[in-house]
Amino acid sequence: MRLGQTSMIFFAARLLASAIGFAATLYIARNLGAAPLGIYHLGIGLVSWLAIVGKVGVSGAISKRVSEGEERGQYAMAGALLIGSLFVIVAVTVLLFRSQVNQYVGYPAAVFVVLILFASLAYGIVSSLLTGLHLVHVRGVLSTVRTGGRSLFQILAVIAGLGAAGLFWGHLAGSLLVLGIGLYVVWRNLGSLARPRRRHFRSLIDFAKFSWLGSLQSRMFNYTDVIVLGFFVSSSFIGIYSVAWNISQFLILFSGALSSTLFPEMSELSARRDPQAAADIVEQSLTYGGLFLIPGVF
């Protein structure tokens, strides 16, 4: 029952976030046109791929180790240091090749890419900690706040006449807003941070060696099309395509909510060496996985 309630809260939050984001996309598309929207989505797609390099599975490893309930402060600090180091490498690379990045996006977006990448990786750490602390429902609510704040800031930027730059600034402002709230929630529930030892880094890396494939699959599913289109078509076509893609995202919301809710529970059961309980959860989740997807296809 508790898992079902958590899944429904997470799903309701994601559903509201999807509705807010879609409404904002329609407003922006009607007032700015497809070209600025295409520039924005191409820049965000680039950030999403760079985030893989900035994480390489560490976020998933943080969720896993923290969910096990032991030495949470050490694992949180170790994960933040690993991702922070990777961010510095990626950010320096983007700035060194900023002319090529700007040419690809069709807009001077290299600085925006670095800033949004920082906010994205930082929020990824917070999100992983919330999952590991069994606060998936809070993560879902924060996702709604993030989308709502981002949409509000972007609409205000469009009204102010900032154009494509306003879309990037609005995205950054919404991410920083929810990042501050998430850090507060994590601090209240995590307790205190502690200095990690070498074995904490090694433990995270051992798990990340395999979990990065899941992140790569997600980015390939969501952003490869946009990244490839950037080489062949204009920003206007990318903007039109992105609006259509946002509609289809609705169909996978509930299955994604189940996945996010069940991971920390199954991780804890695995640590307790209780495979039968984990198997029961999998069987129940499969029953409801197609609740929206199957009728949505028809």
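Residues numbered from 1 in each chain as written. Predicted model: local features only at pLDDT ≥ 70, side-chain atom pairs only at ≥ 80, totals over all residues. Heavy atoms only, no water.

**Brief notes about the side chain of Gln154**
Its place among the elements puts Gln154 in helix 7 (residues 136-159). Residue class for Gln154 comes out buried when judged on its relative accessible area of 5%. A polar side-chain atom of Gln154 sits 3.2 Å from a polar atom in the side chain of Tyr40. When neighbours within four sequence positions are excluded, Gln154 is seen to be in contact with Ile28, Tyr40, Gly166, Leu167, Gly170 and His171. (Helix = DSSP H or I, 4+ residues; strand = E, 2+ residues; numbered from the N terminus. Buried < 20%, exposed > 50% of the residue type's maximum accessible area, 1.4 Å probe, protein only. Polar contact = N/O pair within 3.5 Å; in protein donor to acceptor, adjacent residues only side chain to side chain. Contact = heavy atoms within 4.5 Å.)

**Description of the nonpolar core**
Ranked by size, the top nonpolar core spans 60 residues in total, and within it Val94 and Leu117 carry the most contacts. No other element matches helix 6 (residues 110-132), which puts 14 residues into this core. Filtering out sequence-adjacent residues up to four positions away, Val94 remains in contact with Leu50, Val101, Ala110, Val113 and Val114. (Core = buried A, V, L, I, M, F, W, Y, C linked by side-chain atoms within 4.5 Å.)

**Digging into the layout of surface pockets**
Here the second largest pocket defines a volume of roughly 360 Å³. Along its surface, the second largest pocket is lined by 18 residues, and Ala80, Ala122, Ile125, Val126 and Leu183 are the ones closest to its centre. Every element with two or more residues in the lining of the second largest pocket is listed here: helix 4 (72-96), helix 6 and helix 8 (164-190). Class assignment of the residues belonging to the lining of the second largest pocket gives a composition of 17 nonpolar, one polar and no charged. (1 Å grid on protein atoms, 1.4 Å probe; cavity = no way out; pocket = protein on both sides within 12 Å on 5 of 7 lines; lining within 4 Å. Points joined across faces, edges and corners; volume = space filled by probe spheres on them. Nonpolar A, V, L, I, M, F, W, Y, C, P; charged D, E, K, R; others polar.)

**Describing the environment of Arg98**
Summarising the element assignment, Arg98 is placed in helix 5 (residues 98-105). Take Arg98: its relative accessible area is 46%, and that puts it in the partly exposed class. Sequence spacing of Arg98 and Ala110 is 12 residues, and the spatial spacing of their C-alpha atoms is 5.4 Å. For Arg98, the side chain forms a polar contact with the main-chain oxygen of Leu95, separated by 2.6 Å.

**Things to note about the packing of aromatic side chains**
To describe a pair of aromatic rings, one takes the distance between the centres and the angle between the planes. Taken as a whole, this structure holds five aromatic pairs when the rule is applied. Ring geometry for Tyr107 against Phe168: centres 6.3 Å apart, planes inclined by 25°, an arrangement best described as stacked. With a gap of 61 residues between them, Tyr107 in the loop between helix 5 and helix 6 and Phe168 in helix 8 connect regions that are remote in the sequence. Residues Phe112 and Phe168 carry aromatic rings whose centres are separated by 5.1 Å and whose planes lie at 10° to one another, so their mutual orientation is stacked. Highlighted residues: Phe112 in helix 6 and Phe168 in helix 8, separated in sequence by 56 residues. Phe112 gets classed as buried once you look at its relative accessible area, which sits at 11%. (Phe/Tyr/Trp six-rings, centres within 6.5 Å; stacked < 30°, edge-to-face > 60°.)

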